[in-house]
Amino acid sequence: MSSPSKRRDMDVMKLMMSDYAVETINDGISEFNVEFHGPKESLYEGGVWKVRVELPDAYPYKSPSVGFLNKIFHPNVDELSGSVCLDVINQSWSPMFDLLNVFEVFLPQLLLYPNPSDPLNGDAASLMMKDKEQYEQKVKEYCERYAKKEHIVNAPTDESDEELSDEDFSDGRSDSDDDVAGHADP
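Rules behind the numbers
- Residues numbered from 1 in each chain as written.
- Predicted model: local features only at pLDDT ≥ 70, side-chain atom pairs only at ≥ 80, totals over all residues.
- Heavy atoms only, no water.
- Helix = DSSP H or I, 4+ residues; strand = E, 2+ residues; numbered from the N terminus.
- Buried < 20%, exposed > 50% of the residue type's maximum accessible area, 1.4 Å probe, protein only.
- Areas by Shrake-Rupley, 256 points an atom, 1.4 Å probe, with all protein chains shown as cover.
- Phe/Tyr/Trp six-rings, centres within 6.5 Å; stacked < 30°, edge-to-face > 60°.
- Expected span 1.5 Å × (residues − 1).
- Bend = angle between axes of the 7 residues up to and from the residue.
- Contact = heavy atoms within 4.5 Å.

Caption draft 1: Here's a closer look at the overall build of the protein. Helices and strands together make up the secondary structure of the protein, namely 7 helices and 4 strands. Put simply, the protein has 186 residues, and 44% of those count as buried. Of the roughly 10600 Å² that the protein leaves accessible, carbon and sulfur atoms contribute 46%.

Encoded structure:
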């Protein structure tokens with residue numbers, strides 16, 4: 001690639017052309033949300049999250065910033081901010097990686113193999129180490145309560161909405177299937 005901006009354009013386009021619903025923010029490609037489904041055969045299977053991605057100007061030489069917008073109970077995800085603690089994104093990022101790697105490999109691996117010894121959510125890490133059964137129940141409870149399709153349609157898109165109550169995430173109304181976050185306008 002001749003420049004980081006061309007590589008950024010190509011990586012975002014590849015992600016948009018894949019099976020992921022991508023919703024750009026402010027009509028640019030430096031910030032966007034991606035619909036992410038919990039990996040099969042995991043505690044998170046059936047969960048749907050809106051994941052915020054911010055690409056720095058130096059992408060792909062500098063890693064993207066990745067965070068969950070709707071709640072997830074996981075030792076390596078900050079419960080309040082949604083920030084992800086993942087070495088391959090935060091410390092050992094390489095320009096050889098692309099955005100598809102983040103959603104097809106890195107995030108699924110994070111959910112399949114949590115690391116309670118390096119937590120961002122101390123409560124989840126502690127519960128996982130002390131009472132695995134209760135931890136698994138809480139993960140499933142969070143998936144049911146916060147990680148359904150209707151939750152990502154109404155998930156807050158910036159930090160100014162932190163004061164929303166649980167009821168604000170979904171008001172119980174069912175919008176038509178045509179009006180789903182992440183689908184491009186025709």
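Caption draft 2: Quick peek at the packing of aromatic side chains. Per the counting criterion, the structure on display carries 11 aromatic pairs. Measuring from ring centre to ring centre gives 6.2 Å for phenylalanine 36 and phenylalanine 103, while their planes differ by 55 degrees; the resulting arrangement is tilted. Pair noted here: phenylalanine 36 is in strand 2 (residues 31–37) and phenylalanine 103 is in helix 3 (residues 99–112), with a separation of 67 residues, a long-range link. Phenylalanine 103 matches phenylalanine 36 in its accessibility class, with the two residues each being buried. Put simply, the rings of Tyr20, Phe36, Tyr44, Trp49, Phe68 and Phe103 touch in pairs and so form one group of aromatic residues.

Caption draft 3: Expanded view of helix 3. A rise of 1.5 Å per residue sets the reference length of helix 3, with its 14 residues, at 20 Å; its end C-alpha atoms lie 19 Å apart and thus fit the reference within 8%. In the structure, helix 3 departs most strongly from a straight axis at phenylalanine 106, where the bend amounts to approximately 30 degrees and where the proline proline 108 lies between one and four residues downstream. Looking at the packing, one finds that the buried side of helix 3 touches helix 1 (4–17), strand 2, strand 3 (48–54), strand 4 (65–68) and helix 2 (87–90).

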